[in-house]
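So the chains spell out like this:
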Amino acid sequence: MKPLRILGIESSCDDTSIALVEGNGENVRILKEASKSQIDIHKEFGGVVPEVAARAHSEMIMPLLKQVYSKKNPPDAIAVTSGPGLATALMVGVETARTLSFATGIPLISVNHIEGHMYSNWINSTPIQFPALCLVVSGGHTELILMKKHLSFKKLGATRDDAAGEAFDKAAKLLGFEYPGGPKISRAATDGNVNAIKFPRPMLSEPGYEFSFAGLKTSALYYVQKHPSLSVADFCASYEQAIVDVLFGKTVRAAKEFKVKSVLLCGGVAANKKLRATLEHEVAELGLQFSAPPIPLCMDNAAMIATAGYFKARAKIYTPWQKISANPQWEL
Ligand code: KG4
Ligand code: ZN
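As a starting point, this report considers the structure included with it. Because the structure is a prediction, the values reported are computed rather than measured. (Residues numbered from 1 in each chain as written. Chains lettered and ligands numbered in written order. Predicted model: local features only at pLDDT ≥ 70, side-chain atom pairs only at ≥ 80, totals over all residues. Heavy atoms only, no water.)

**Description of the overall build of the protein chain**
Okay, step 1: When helices and strands are counted, the protein chain shows 10 helices and 10 strands.
Okay, step 2: Compactness check: the protein chain gives a C-alpha radius of gyration of 20 Å against a globular reference of 20 Å for 332 residues, within 12% of the reference.
Okay, step 3: Residues classed as buried in the protein chain amount to 53% of the 332 residues present.
Okay, step 4: Residue pairs in contact within the protein chain that sit at least 24 positions apart in sequence constitute 74% of those at least 6 positions apart.
Okay, step 5: When the accessible surface of the protein chain is summed, it comes to about 14,400 Å², and 54% of that surface belongs to carbon and sulfur atoms.
Okay, step 6: Distance between charge centroids for the protein chain: 6 Å, based on 36 positive and 31 negative side chains. (Helix = DSSP H or I, 4+ residues; strand = E, 2+ residues; numbered from the N terminus. Rg over C-alpha atoms; globule rule 2.2 N^0.38 Å. Buried < 20%, exposed > 50% of the residue type's maximum accessible area, 1.4 Å probe, protein only. Contact = heavy atoms within 4.5 Å. Areas by Shrake-Rupley, 256 points an atom, 1.4 Å probe, with all protein chains shown as cover. Lys, Arg positive; Asp, Glu negative; His and termini not counted. Charge placed at Lys NZ, Arg CZ, Asp CG, Glu CD.)

See the structure below:
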């Protein structure tokens, strides 16, 4: 099969991102990318404001597209995130992709944002062995997904309430850290004692692969209310350890039960160094392959969307421009 070049478009939350990747067999590399984060715009509100996000996407998407898209050397396909995400934010990317496909005749591929996060593991990586178990941990998702082959996704379990990223962000808010708080908790945790505060490990000893982080967040709230002069470092270290224990505990159990050959980590929380190091160590103990994308590719980006698009193009899974639409609740 000849190499394919895929343009990716991502606008599901607070990053506007356009990328061009080239896929050849199992290898994918990034040729070009241009992104703009909206963190500075949203941080004064303490979180992402959907209408503000959509407006910022509309302003940024054309200048970014211009940096990556070449009329003289057009891509083989256009891949766009069409869900899940914020409805009005998704629409900006989807309508841009639809118009470009209509105007140029380049085929269109609809990509699920979670599918994109998982495929971030295929960028510049050694070939991934199937069956693979993927832990998806982001601001909106905490899921364990089994991939027996490309584009085959079986959800083993997900969070019943808050996502792991939300658990980080909400505790960070209690401490007065700016949005997004995950990286700030993680930084403060490095000087703390992980055993200082006994936070619960929700659902860890229960069977199955569901998660729940709402209770952990509430216990953090009570702790902060009772201990106004707490040690921020100890609080962050103990809280981070509770989240990491639950995530790696369930992942290792699923890896054994489903006899996978590799374990993949992805999503914004995959940037957490403690989680990466712990999971890498535990997976190596089992003698399995471990993969996590480089830190910049853990955050929302269009290269991962283009990479998922590449594997869909190889399987000839296209969506006509007349049929594509933003699907904020799209479940894989
Ligand atoms: O995947 P992502 O960029 O956006 C979503 O699709 O949600 O994930 C963003 C989430 C935020 O909750 C952020 O706090 C969290 O990832 N995050 C981290 C770290 N870096 C980002 N959480 C813990 N430790 C980090 N180092
Ligand atoms: Zn994401």
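Once the structure has been displayed, the description carries forward.
**As for the sheet that holds strand β1 (residues 4-10)**
Okay, step 1: The five strands are arranged β3-β2-β1-β4-β5 in an open sheet whose pairing can be described as mixed. Of all the strands in the sheet, just β3 (27-37) and β5 (108-112) have a single pairing partner and so form its edges. Within the sheet, the average angular offset between the axes of one strand and its neighbour, ignoring direction, is 25 degrees.
Okay, step 2: Pairing between strand β2 (residues 15-24) and β3: 10 bridges, direction antiparallel. Counterpart to valine 21 in the pairing with β3 is isoleucine 30.
Okay, step 3: Packing of helix α2 (residues 50-68) onto the sheet brings it into contact with β1, β2 and β3, and relative to β2 it is tilted by some 30 degrees.
Okay, step 4: Contacting β1, β2, β3, β4 (77-83) and β5, helix α10 (residues 302-314) crosses the sheet at an angle of about 135 degrees to β1. (Pairing = 2+ DSSP bridges. Axes fitted to C-alpha atoms, helices over the stretch in contact; angles between N-to-C directions.)

**Observations regarding the coordination of the zinc ion (ligand 2)**
Okay, step 1: On the protein side, the zinc ion (ligand 2) has His113 (NE2), His117 (NE2) and Asp300 (OD) as donor atoms, found 2.0 to 2.1 Å from it.
Okay, step 2: All donor residues of the zinc ion (ligand 2) come from one chain, and their arrangement in sequence is H-x3-H-x182-D. Note that histidine 113 and histidine 117 are positioned in helix α4 (residues 113-119) at a spacing of four residues, about one turn of the helix. A single burial state applies to histidine 113 and to histidine 117, both of which are buried. (Donors = N, O, S within 2.8 Å, 3.2 Å for Na, K, Ca; no water.)

**Some remarks on unusual backbone geometry**
Okay, step 1: Between glycine 83 and proline 84 the backbone carries a cis peptide bond, its omega angle lying at -15 degrees.
Okay, step 2: With omega at -5 degrees, the peptide bond leading from phenylalanine 130 into proline 131 counts as cis.
Okay, step 3: A positive phi is found at methionine 203, a non-glycine position, where the angle reads about 70 degrees.
Okay, step 4: With a relative accessible area of 10%, methionine 203 lands in the buried category.
Okay, step 5: Residues other than glycine seldom take positive phi values, yet lysine 316 does so here, at roughly 60 degrees.

**Observations concerning the side chain of threonine 278**
Okay, step 1: Along the chain, the position of threonine 278 falls in helix α9 (residues 273-285).
Okay, step 2: Once residues within four sequence positions are removed from consideration, threonine 278 is found in contact with Val244 and Phe248.

**Thoughts on the site of ligand 1**
Okay, step 1: If you check the shell around ligand 1, you find 19 residues, and the closest are Gly139, Asp169, Gly182, Gly268 and Asn272.
Okay, step 2: For ligand 1, an oxygen atom lies 3.2 Å from a polar atom in the side chain of aspartate 300.
Okay, step 3: Coverage of ligand 1 by the protein amounts to 90% of the 550 Å² it exposes when considered alone.
Okay, step 4: Mapped by element, the contributors of at least two residues to the shell around ligand 1 are α4, α5 (164-174) and α6 (182-189).
Okay, step 5: The residue inventory of the shell around ligand 1, partitioned by class, reads six nonpolar, 11 polar and two charged. (Near = heavy atom within 4 Å. Polar contact = N/O pair within 3.5 Å; in protein donor to acceptor, adjacent residues only side chain to side chain. Nonpolar A, V, L, I, M, F, W, Y, C, P; charged D, E, K, R; others polar.)

**Let's talk about the side chain of glutamate 240**
Okay, step 1: Structurally, the position occupied by glutamate 240 is in helix α8 (residues 232-257).
Okay, step 2: One buried charged side chain, glutamate 240, makes no salt bridge at all; its nearest oppositely charged neighbour is lysine 274, positioned 4.8 Å away.
Okay, step 3: Within the structure, the side chain of glutamate 240 is placed 2.8 Å from the side chain of asparagine 272, a separation counted as a polar contact.
Okay, step 4: Ignoring any residue separated from it by four or fewer positions in sequence, one finds glutamate 240 in contact with Phe168, Ser186, Ala189, Asn272 and Lys274. (Salt bridge = Lys/Arg side-chain N within 4 Å of Asp/Glu carboxyl O.)

**Some thoughts on the sheet that holds strand β9 (residues 262-266)**
Okay, step 1: The strand order β8-β7-β6-β9-β10 describes an open sheet built from five strands, whose pairing is mixed. Single-partner strands in this sheet number two, and they are β8 (154-158) and β10 (289-291). Averaged over all neighbouring strand pairs, the angle between strand axes comes to 15 degrees, with direction disregarded.
Okay, step 2: In this sheet, β8 lies alongside strand β7 (residues 142-147) in antiparallel orientation, the contact comprising four bridges. Paired with glutamate 143 across the bridge in β8 is alanine 158.
Okay, step 3: Across the sheet, α8 lies against β6 (132-137), β7, β8 and β9, angled at about 160 degrees from β6, the strand it touches most.

**A few points about the nonpolar core**
Okay, step 1: With 47 residues, the main nonpolar core has Phe213, Phe235, Ile243 and Leu247 as its most contacted residues.
Okay, step 2: Breaking this core down by element, the ones donating at least two residues are β6, β7, α5, α6, α7 (214-226), α8, β9 and α9.
Okay, step 3: With 13 residues, the single largest contributor to this core is α8.
Okay, step 4: Counting 33 residues, the second largest nonpolar core, distinct from the first, contains Met118, Met147, Ala308 and Phe311. (Core = buried A, V, L, I, M, F, W, Y, C linked by side-chain atoms within 4.5 Å.)

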